[in-house]
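Each chain, written out:
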Amino acid sequence: MDVLRPSPSGVVAAEITIAEPMVRLRGVSKVYRSLRRNGTDVEALRPLDLNIARGEFVTIVGPSGCGKSTLLSLIAGLSPYTTGEIDIGGRPVAGPYTDLGIVFQKDLLLSWRTILDNVLIQAEVRGLDRRKAAARAAELLALVGLSGFEQFLPHELSGGMRQRVAICRALLHNPPLLLMDEPFAALDAITRDQLTLDFQRFWQRDRRTVVFITHNLVEAVFLGDRVIVMTPRPGGIAEILDIDLARPRNLAVRDTPDFARYTRRIHDLFIETGIIKAE
Ligand SMILES: Nc1ncnc2c1ncn2[C@@H]1O[C@H](COP(=O)(O)OP(=O)(O)O)[C@@H](O)[C@H]1O
Ligand SMILES: [Mg+2]
């Protein structure tokens, strides 16, 4: 953010204000052109500006179909933007950007490979040294509580465990930026709470930059330093909320008045922008 932001202790977080944004979007929009004759184009995103600071945990919340995944794929360079410019670390994104990790809603593990070998796919694709990569993979798996499961196959793990493996795979090459597209959406509520807590703790170790997409506003407020609230399609930014809650946050924070003020605000924005129809 470009504004001075008080930290929970009341001290201004200067590193956020002076740091160059890690990810910078200017006037970025996306129109999917129809490949069919006489088909209609889809305006997925209207022009939007966004700065994401190094080390920031940004969550993006909006209803299904508002362009969240599109936004993430533009940042990752997996899909070309129609107008504007995006740069990461000062370099324009023009094609698949490789110095990042991505986690999707589906874990996309290969059923015939062991857990360790699934994580090591990242090393194979990038041509990294296998021995060093295997050591780091084991370390990451231990950090997410999966020591001892290295030689298991994906079907022998629960959904939550598999998603932990997907996070390890995304981080094997130690990217400074992690993009997550509804990573916990397919999990049951209890597993989801556990992963949310564990992921927060995991993130706090090195505070890499995270862009985390969700349609769940409680998850967005719980995890985010800032919450980007999107409008319906064509997606734009309705509002950006600074979440001033101390970390590590525990689940009980969700029942506090401060927390409710944030979720209430997002709820109101959903009503204002027509996402939710009030009675
Ligand atoms: N590859 C694509 N080709 C054409 N239209 C697409 C493509 N991907 C997404 N869309 C359209 O763009 C809009 C936004 O989709 P998406 O970014 O997936 O939304 P969200 O992730 O918020 O649910 C939707 O109307 C969707 O149909
Ligand atoms: Mg999506």
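In short, a report on the structure. This structure is a prediction, so every number in the text was calculated from the model and none was measured.

Description of the site of ligand 1
Ligand 1 sits among Tyr32, Val42, Ala44, Pro63, Ser64, Gly65, Cys66, Gly67, Lys68, Ser69, Thr70 and Arg233. Measuring from an oxygen atom of ligand 1, one finds a backbone N or O atom of Cys66 at 3.2 Å. Here an oxygen atom of ligand 1 and a backbone polar atom of Lys68 are 2.9 Å apart. Contact with the protein chains covers 60% of the free accessible surface of ligand 1, which is 560 Å². Mapped by element, the contributors of at least two residues to the shell around ligand 1 are strand E2 (42-53) and helix H2 (68-75). Among the elements that line the shell around ligand 1, the one with the most residues is H2, at three residues.

What to know about the side chain of Asp198
Looking at the element boundaries, Asp198 is found in helix H6 (residues 189-206). According to the relative accessible area criterion, Asp198 is buried, its value standing at 16%.

Here's the deal with unusual backbone geometry
With an omega of -5 degrees, the peptide bond running from Arg233 to Pro234 counts as cis. Structurally, the position occupied by Pro234 is in the loop between strand E9 (226-230) and strand E10 (237-242). Going from Arg247 to Pro248, the amide bond is cis rather than trans, its omega being -5 degrees. Here the phi dihedral of Leu108 falls at roughly 55 degrees; this positive angle occurs in a residue that is not glycine. Among the structural elements, Leu108 can be located in the loop between strand E6 (100-103) and helix H3 (115-126). Even without being glycine, Asn174 reaches a positive phi, approximately 55 degrees. On the secondary structure map, Asn174 appears in the loop between helix H5 (159-171) and strand E7 (177-181).

Calculation notes
Residues numbered from 1 in each chain as written. Chains lettered and ligands numbered in written order. Predicted model: local features only at pLDDT ≥ 70, side-chain atom pairs only at ≥ 80, totals over all residues. Heavy atoms only, no water. Near = heavy atom within 4 Å. Polar contact = N/O pair within 3.5 Å; in protein donor to acceptor, adjacent residues only side chain to side chain. Areas by Shrake-Rupley, 256 points an atom, 1.4 Å probe, with all protein chains shown as cover. Helix = DSSP H or I, 4+ residues; strand = E, 2+ residues; numbered from the N terminus. Buried < 20%, exposed > 50% of the residue type's maximum accessible area, 1.4 Å probe, protein only.

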